[in-house]
Amino acid sequence: MFKWKDAFSVNVAEIDKQHKKLIEIGSKLAHILSLKDDIDHYDEIMEILENLKEYTVYHFNYEEELMKKYGFEGLKAHEREHQAFVDKIIELTTKDIDDNQKKVTMDMLIFIADWIENHILKTDHKYKDFFNEKGIF
Ligand SMILES: [Fe+2]
Ligand SMILES: [Fe+2]
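By convention here, each chain's residues receive numbers from 1 onward along its written sequence. Chains and ligands are labelled by the order in which they are written, letters from A for the one and numbers from 1 for the other. pLDDT decides what is reported in this predicted model: residues at 70 or higher carry local features, side-chain atom pairs at 80 or more are listed and counted, and totals for whole chains, interfaces and linings draw on all residues regardless. Heavy atoms from the whole structure form the basis of all side-chain values; hydrogens and water molecules are not counted.

An unreviewed UniProt entry annotates the protein as Hemerythrin of Caminicella sporogenes DSM 14501. UniProt positions are given in the numbering used here, feature names are shortened, and annotations may be inferred rather than shown by experiment. A UniProt comment under Sequence similarities (unreviewed entry) is attached to the protein, and it reads "Belongs to the hemerythrin family."

Q: Explain the coordination of the iron ion (ligand 2) to me, please; I cannot follow it from the model alone.
A: Metal coordination angles in their ideal form are 109.5 degrees for the four-donor tetrahedron and 90 or 180 degrees for the six-donor octahedron. Donor selection uses N, O and S atoms within 2.8 Å of the metal (3.2 Å for Na, K and Ca). Since no water is included, sites may look incomplete. Each protein donor to the iron ion (ligand 2) is listed here as Glu-63 (OE), His-78 (NE2), His-82 (NE2), His-119 (NE2) and Asp-124 (OD); together their distances run 2.1 to 2.3 Å. Read N to C, the donor residues that coordinate the iron ion (ligand 2) are spaced as E-x14-H-x3-H-x36-H-x4-D. The metal-metal distance between the iron ion (ligand 2) and the iron ion (ligand 1) comes to 3.4 Å, with Glu-63 coordinating both. With His-78 in helix α3 (residues 75-94) and His-119 in helix α4 (residues 101-123), this pair connects stretches of sequence that are 41 residues apart. When sorted by exposure, His-78 lands in the same class as His-119, which is buried. Here a helix means four or more residues in a row that DSSP labels H or I, a strand means two or more in a row labelled E, and each is numbered from the N terminus. Partly exposed describes any residue whose relative accessible area lies between the buried limit of under 20% and the exposed limit of over 50%, with all areas from a 1.4 Å probe on protein chains only and scaled to the type maximum.

Q: Help me understand the coordination of the iron ion (ligand 1) in this model?
A: Protein coordination at the iron ion (ligand 1): the donors are His-19 (NE2), His-59 (NE2), Glu-63 (OE) and Asp-124 (OD), at 2.0 to 2.2 Å from the metal. By the criteria applied here, four donors are tetrahedral when all angles lie between 85 and 135 degrees, four are square planar and six octahedral when opposite donors are over 155 degrees apart and every other angle lies between 65 and 115, and any other arrangement is irregular. The coordination sphere of the iron ion (ligand 1) comprises four donor atoms, whose angles at the metal cover 83 to 170°; the geometry is irregular. Sequence positions of the donors to the iron ion (ligand 1) reduce to the motif H-x39-H-x3-E-x60-D.

Q: Hey, could you run me through a negative patch on the surface in this one?
A: Surface patches are drawn from residues lacking salt bridges whose relative accessible area is over 30%; two like charges belong together within 9 Å, two nonpolar side chains (Val, Leu, Ile, Met, Phe, Trp, Tyr) within 5 Å. Accessible surface area values rest on a Shrake-Rupley calculation with a 1.4 Å probe, where residue burial reflects the displayed protein chains alone. What counts as a salt bridge is simple: a side-chain nitrogen of Lys or Arg found within 4 Å of a carboxyl oxygen of Asp or Glu. For the purpose of charge, His is not counted, nor are the chain termini; Lys and Arg are scored as positive and Asp and Glu as negative. Where a charge lies is defined by one atom per residue type, namely NZ (Lys), CZ (Arg), CG (Asp) and CD (Glu). On the surface, a cluster of negative charge is contributed by Asp-40, Asp-43, Glu-44 and Glu-47. Topologically, Asp-43 is positioned in helix α2 (residues 42-70).

So this is what it looks like as structure tokens:
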């Protein structure tokens, strides 16, 4: 979970860099959850979720602007996927996870990891050849 794989590469350096950063934020969350202590990590979890939200918004905007600039036809569908993820993260940050923290955080972690992996491998990969053909690497 949250490990960079070469298969993630979209062959655009800046976007690969941003995806690595997203995976890094996810791995911080995974790390906190793996701690076998009885300390309440609520504040740290919330802080990481906030970081994740901010960084995904930044990253999604970057991709969307690039798609717009070069007239990528899959833009609208791509934007919808991005928005759904941001909405979900906002929901998670406003939800009360103080009770049953381990369970809720574990579910959240699995959701985030699956979403990022699937989105990069399926949706982001749709623009890979398109951008490369436009000379963007
Ligand atoms: Fe992406
Ligand atoms: Fe994307």
